[in-house]
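Understanding the architecture of this molecule
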Amino acid sequence: MKLKTLLAICLAFFGFSKLSAQNFEETMSNGQIRGNFQFDMQYYQEDSAIGAQQPSEEILSNGFLNLIYTNGNFSTGIRYESYQNALLGFPNGYKGNGLTYRFATFKKDKLTVTAGNFYEQFGNGLAFRSYEERGLGYDNAMDGIRIKYELMEGINLTGLTGKQRIFFEYGEGIVRGFDADISLNSVFKSLKENKTKIRVGGSAVSKYQADQDSRYVLPENVATFAGRVNINRGKINFNGEYAYKSNDPSGDNGFIYKPGEAIFLQSSYSQKGLGLVLSAKRNDNMSFRSNRTESQQNLLINYLPALTKQHTYNLLATLYPYATQLNGEVAFQADLIYKFKKGTMIGGENGMDIQINYSTANNIDTTQLNDENTLRKGYKSDYFKIGEVFFKDFNFQIDKKFSNKIKGRFTYANLVYNQEVIAGKPGNPTVYANVGIADVTYKFTMRNSLRTEAQVLLTEQDHGDWATLLLEYSYSPHWFVAILDQYNYGNAISKQRVHYYNASVGYNNKGNRITMSYGRQRAGIFCVGGVCRVVPASNGLYLSITSSF
Amino acid sequence: MKIIKLLPLLFVISFASCDKVDDPFPSELGKSIFLNKTEYIVDKDFNVGNTNELNTFINNNTWTKVEAPDNSTRRFITLEEFTGHKCTFCPDGTREIIRLSGVYNEQLIPVGIHAGGFAEPKPTANKFYTDFRAKGGHGEIYMTTFKVAGFPTGVVSRLGDANGKNDWEQDIISIKDDAPSAILKMTNHYAASINAVRSNIEITWLESRPEDFNLQLYVTEDHIIDWQLDKGFENPNYDHRHVLRKVVNDTYGKALIKSEINKTEKIEYIFTVEPGWKAQDMEVVAFIFNSDQTSYEVIQANAAHVK
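These numbers come from a predicted model, not from an experiment. (Residues numbered from 1 in each chain as written. Chains lettered and ligands numbered in written order. Predicted model: local features only at pLDDT ≥ 70, side-chain atom pairs only at ≥ 80, totals over all residues. Heavy atoms only, no water.)

1. Some details on the overall build of chain B
Formally: Only DSSP runs of H or I reaching four residues or more are called helices, and only runs of E reaching two or more are called strands; each is numbered from the N terminus. Put simply, the radius of gyration uses C-alpha atoms, and a globule should come to 2.2 Å times the residue count raised to 0.38. It only takes one pair of heavy atoms within 4.5 Å for two residues to be counted as in contact. Here the accessible surface of atoms and residues is derived via Shrake-Rupley with a 1.4 Å probe, and residues count as covered only by protein chains that are part of the display. By the counting rule applied here, Lys and Arg register as positive and Asp and Glu as negative, while His and the ends of each chain are not counted. The atom standing in for a charge is NZ when the residue is Lys, CZ when it is Arg, CG when it is Asp and CD when it is Glu.
Within chain B, the regular secondary structure consists of five helices and 16 strands. For a compact globule of 307 residues, the expected C-alpha radius of gyration is about 19 Å, and chain B comes in at 21 Å, within 12% of that figure. Along the first, second and third principal axes, the C-alpha atoms of chain B reach 70 × 60 × 45 Å. Across chain B, the fraction of contacts at a sequence separation of at least 24, relative to all contacts at a separation of at least 6, is 70%. Carbon and sulfur atoms provide 51% of the accessible area of chain B, an area that totals close to 13500 Å². Distance from the positive charge centre (33 side chains) to the negative charge centre (43 side chains) of chain B: 2 Å.

Laid out in structure tokens, this is it:
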């Protein structure tokens, strides 16, 4: 009853005041509630062999529940989060319980208004991206007002203002933004039938943070401006965006007053059985936060996409993944996907897919100005030169179905990983690694299958060679059980040649999934899209429950 | 289509939310204290906030006193030279200044502003490691303001943009006989024990002028022996002259009250100097200039040693 009363008030507020009791019931019956839930809990054991510690709480947990009510052009929702306390590796700021996300939004004609929390992205995100990546503990949700307006067919405007979430609080800076997205083919009659489709866009985002620094005169208002274009014709697509940020001295850049800039270019070609994507990016001093003294992943206003492949296999994904360098990087990526047809010499009876990827990230070229006591511009940078290597990854992946019972995926990767910069380990040598992975699934019957994953990582640097073996038996559609061992057999220190064993069991049923595992977890880095968090070594019992409706 | 024309307007509004900082360092000056018809502006480091504290500060320290020359009948002239220790032809500019000083004596007040790429130090090298640039980035701002296109260049009493050494004397001659618009009287007091200077300025207007004027205070240091590239020769014992060490009252100085004939304005700056600077070679340079950014012309100046 209370919920109904609340919704009635909301509906009245948003213009449904003329509803009679009967109409109200009818309107309510059109409403829909959906949501999802996740709970992760781990019991930690001390394990000196891998450096795993037992926290004072012994058991830690993360959980959340999303609820969204939609009724026609109106929707509202909440998210409850609980960290008792947060699992190891998550930022310490996640501690306690609370409603961390609540919003109401309505659409009337061409106007859409959101009050409360929202996520938003302008273009590729170089100027603004508010999003959540739960696995990273990353959430820079806005709390404020967002207005979207379709000015005319093909012109969409977005304006927003608010503060950004940081754990259970909000950052002290205020963020204001405006974006215009224009389809030229819709706006200009002469282009309506043209096969070349062009979209242009522009955004301006500024932040306000009071200057309370006694050392420097800090700009209280800092703005980023971005312009973008997307051109599509048949199988070819081009996407480009350039962003410029005014002087923004911060902890990230050592309080220098150099403006920042970023450019992102991506072109692609696709047809049946073939896809090619070429990308390039350069960012220079483009860390943009609503609190100039924050670090790590806190209160970032913009997003600088990583031009590296997002690997999923354990050794590749968590030992040496790339983290975007906000202060400056030049990156390139080429991605080719090709499908060998059935019946061809290479494709064989069932065809074969191959994916070849190459990515590289370097520092920008910089020349120090030694002006820390004068203008504090910090350095100058030649746009067309590149600096030291941060990261290189050449990899290919072959997917092959050998028969109705056996299919496999085979991966090779060659990595160059600058530990000093990416992992923040001064004095540690650059890692040169070769990785080979065979992922083979054998299907006994329609419901029974066994998946085997064998991985090896060979390197003379860091912790040396690693091997992983996984056996996963699935009894579809509900059950799976798996055992895994990772072995650091090539570690130069014999005591650290440790097995990381793990056993897990899971149950799926419609929208519910329960997983339980026991064993060791290797210390590593977990990254999504170039944004990373460090995961410490642990040992213990892990339980995960997810559900959606 | 009319609506599309509004889009740039929205961007302009967004542009307004952007602060460009030219000088990263906050002013070291504290709030004004008025005592005996004089406005005292005291460096924050001295923690002087009222007249009692000011009297105590002055009375509790021992001060030596130096007076600047009388300029009641002559227009004194500034020559702000842009230079750098890695600028191979800049010593030619300094030699020209030394020659001009021999001709015009105290009427010409030279200031060597080290700025730009030639002035960048090499902190880790075994030569050219000294940073002669005044803290706060003022030199670079002046370079932009006076459109410095090459080195050495200089601007005489801020008569337009900076020009080459061969034009300096012509500019001096063009104004050296002008009747002054104001008398700029300066008396410096120095307390060695606390590295403090009290620079007392008394401006008496000799005519009423429609323009607005600012007062600028510099500290220079003479005879700094250090590395200089001189026509290709790397001289470790070069005599650097009249080096701008400190811009006392921010990049463009302090606004003066409206000029009115026979009216007097008294201002005293109390500020610190670095312990490593040689007091006997330090001068305080003060000048009055047109605050209109299309002009900046210096109409009167003076200089006196600190000690």
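On we go.
2. Brief notes about the overall build of chain A
Put simply, the rule is: Throughout this description, buried means an accessible area under 20% of the type-specific maximum (1.4 Å probe, protein chains only), exposed means over 50%, and partly exposed covers the range between.
Check the secondary structure of chain A and you find five helices and 33 strands. Taken over C-alpha atoms, the radius of gyration comes to 26 Å for chain A, in line with the 24 Å a tight globule of 549 residues would show. Viewed in the frame of its principal axes, chain A has a C-alpha envelope of about 70 × 70 × 60 Å. The buried share of chain A, reckoned over its 549 residues, is 48%. With 59 positive and 49 negative side-chain charges, chain A shows a spacing of 8 Å between the two charge centroids.

3. A word on the pairing of strand β33 (residues 538-548) of chain A
Along any regular strand, the residues point their side chains to alternate faces of the sheet. This is how it is decided: At least two DSSP bridges between two strands are required for those strands to pair.
The pairing of strand β1 (residues 32-44) of chain A with β33 of chain A spans nine bridges and is antiparallel. Of the residues in β33 of chain A, the one forming a bridge with Gln38 of chain A is Thr546 of chain A.

4. Observations regarding the interface of chain A and chain B
Rules: Put simply, buried area is how much 1.4 Å-probe accessible surface two parts lose in total, over both of them, once they are put together. We count a salt bridge whenever a side-chain nitrogen from Lys or Arg sits within 4 Å of a carboxyl oxygen from Asp or Glu. Here a polar contact is recorded for every N or O atom pair within 3.5 Å, except that within protein the pair must consist of a potential hydrogen donor and a potential acceptor, and residues adjacent in sequence are included only if both atoms are side-chain atoms. Side-chain classes follow a simple rule in which Ala, Val, Leu, Ile, Met, Phe, Trp, Tyr, Cys and Pro form the nonpolar group, Asp, Glu, Lys and Arg form the charged group, and the remainder, Gly included, forms the polar group.
Listed per partner, the contact involves 36 residues of chain A and 29 residues of chain B. Note on chain A versus chain B: buried area summed over both sides is about 2500 Å², and carbon and sulfur give 68% of it. Per-residue buried area on chain A facing chain B is highest for Asn370, Thr374 and Leu375 of chain A; these three make up 22% of the total on that side. Inspection of the region where chain A meets chain B yields zero salt bridges. Between chain A and chain B we count six residue pairs in polar contact (both at pLDDT 80 or more) in total. Among the elements of the structure, β10 (142-152), β11 (155-166), β13 (174-183), β14 (196-208) and β15 (221-233) of chain A are those that each provide at least two residues to the side of chain A that touches chain B. Residue composition of the side of chain A that touches chain B, grouped by class: 19 nonpolar, eleven polar and six charged.

5. Some thoughts on the pairing of strand β2 (residues 59-71) of chain A
All names here are of chain A. In terms of strand pairing, β1 meets β2 through twelve bridges, oriented antiparallel. Note on β2: the bridge partner recorded for Asp40 is Asn62. In the sheet, β2 pairs with strand β3 (residues 74-83) via ten bridges, with the strands oriented antiparallel. What sits directly across from Tyr69, in β3, is Thr76.

6. A look at the pattern of salt bridges
Within this structure, the stated rule accounts for 48 salt bridges over all chains. Between Glu453 of chain A and Arg451 of chain A there is a salt bridge, and its shortest N-O distance comes to 2.7 Å. With its nearest N and O atoms 3.4 Å apart, the salt bridge here joins Asp92 of chain B to Lys231 of chain B. Residue Asp92 of chain B is found in helix α3 (residues 90-104), and its partner Lys231 of chain B is found in the loop between β10 (224-230) and β11 (233-240); the two are separated by 139 residues along the sequence. Residue Asp92 of chain B is classed as buried on the basis of its relative accessible area of 18%. Since its relative accessible area comes to 54%, Lys231 of chain B is described here as exposed.

7. Considering the state of the cysteines
All names here are of chain B. Quick note on the threshold: Working definition: a disulfide is two cysteine sulfur atoms within 2.5 Å of each other.
Enumeration over the complete set of coordinates arrives at one disulfide over all chains. Between Cys87 and Cys90 runs a disulfide, and the two sulfur atoms are separated by 2.1 Å. Between Cys87 and Cys90 the disulfide shows an S-S torsion of about 90 degrees. By sign, it is right-handed. There is no split in this pair, since Cys87 and Cys90 are both buried.

8. A word on α3 of chain B
Residues and elements named next belong to chain B. What counts here: For a helix, the expected span equals 1.5 Å multiplied by the number of residues minus one.
For α3, which comprises 15 residues, the first-to-last C-alpha distance of 21 Å matches the rise-based estimate of 21 Å (1.5 Å per residue) to within 8%. Those residues of α3 that are buried are in contact with β4 (77-83), β5 (108-114), α5 (165-175), β10 and β11. Positioned one or two residues after α3, Asn105 has a phi angle of 50 degrees, which is positive.

9. Quick notes on unusual backbone geometry
The omega torsion across Ser476 of chain A and Pro477 of chain A is 5 degrees, close enough to zero to call that bond cis. Relative to the helices and strands, Pro477 of chain A resides in the loop between β27 (466-475) and β28 (479-487). Along the chain, Phe151 of chain B connects to Pro152 of chain B via a cis peptide bond; the corresponding omega equals -5 degrees. For Pro152 of chain B, the location among the structural elements is in the loop between α4 (138-145) and β6 (153-156). Its identity as a non-glycine residue notwithstanding, Lys510 of chain A has a phi of 55 degrees, on the positive side.

10. What about the sheet that holds strand β2 (residues 38-43) of chain B?
All names here are of chain B. Here is the rule: The axes used here are C-alpha line fits, helices contributing only the stretch in contact, and every angle between their N-to-C directions lies in the interval 0 to 180 degrees.
The strand order across the open sheet built from six strands is β1-β2-β14-β8-β7-β3, with neighbouring strands paired in mixed fashion. The open sheet has two edge strands with one neighbour each: β1 (29-35) and β3 (64-67). Here the strands of the sheet are splayed against their neighbours by 20 degrees on average, with no regard to which way each runs. One ladder, built from four bridges, connects β3 with strand β7 (residues 182-191); its direction is antiparallel. Of the residues in β7, the one forming a bridge with Thr64 is Tyr190. Here helix α2 (residues 51-59) sits on the sheet in contact with β1, β2, β8 (196-205) and β14 (264-272), set at roughly 95 degrees to β1.

11. A look at the packing of aromatic side chains
What counts, and what does not: Between rings of Phe, Tyr and Trp, where Trp is taken as its six-membered ring, a pair exists when centres lie within 6.5 Å; planes separated by under 30 degrees are stacked, by over 60 edge-to-face, and by other angles tilted. Criterion for a charge above a ring: Lys NZ or Arg CZ within 6 Å of the ring centre, and within 35 degrees of the ring normal.
According to the stated counting rule, one finds 35 aromatic pairs over all chains in the structure shown. Consider the rings of Tyr216 of chain A and Phe255 of chain A, whose centres lie 5.9 Å apart with planes at 25 degrees: the pair is stacked. Remark: Phe255 of chain A occurs in the loop between β16 (236-245) and β17 (260-271) and Tyr216 of chain A occurs in the loop between β14 and β15; sequence separation between them is 39 residues. Under the relative-accessibility criterion, Tyr216 of chain A is labelled buried at 12%. Under the relative-accessibility criterion, Phe255 of chain A is labelled buried at 11%. For the ring pair Phe391 of chain A and Tyr417 of chain A, a centre distance of 6.4 Å and an interplane angle of 80 degrees mean the geometry is edge-to-face. Of this pair, Phe391 of chain A sits in strand β23 (residues 386-401) while Tyr417 of chain A sits in strand β24 (residues 406-417), placing them 26 residues apart in sequence. On the basis of relative accessibility, which here comes to 1%, the residue Tyr417 of chain A falls in the buried class. Feature note: the residues Tyr142, Phe146, Tyr218, Tyr252, Phe287, Phe289 and Tyr296 of chain B constitute an aromatic cluster, connected by ring pairs. Of note, Arg134 of chain A hangs over the ring of Phe64 of chain A, and the distance from its end group to the ring centre comes to 4.1 Å.

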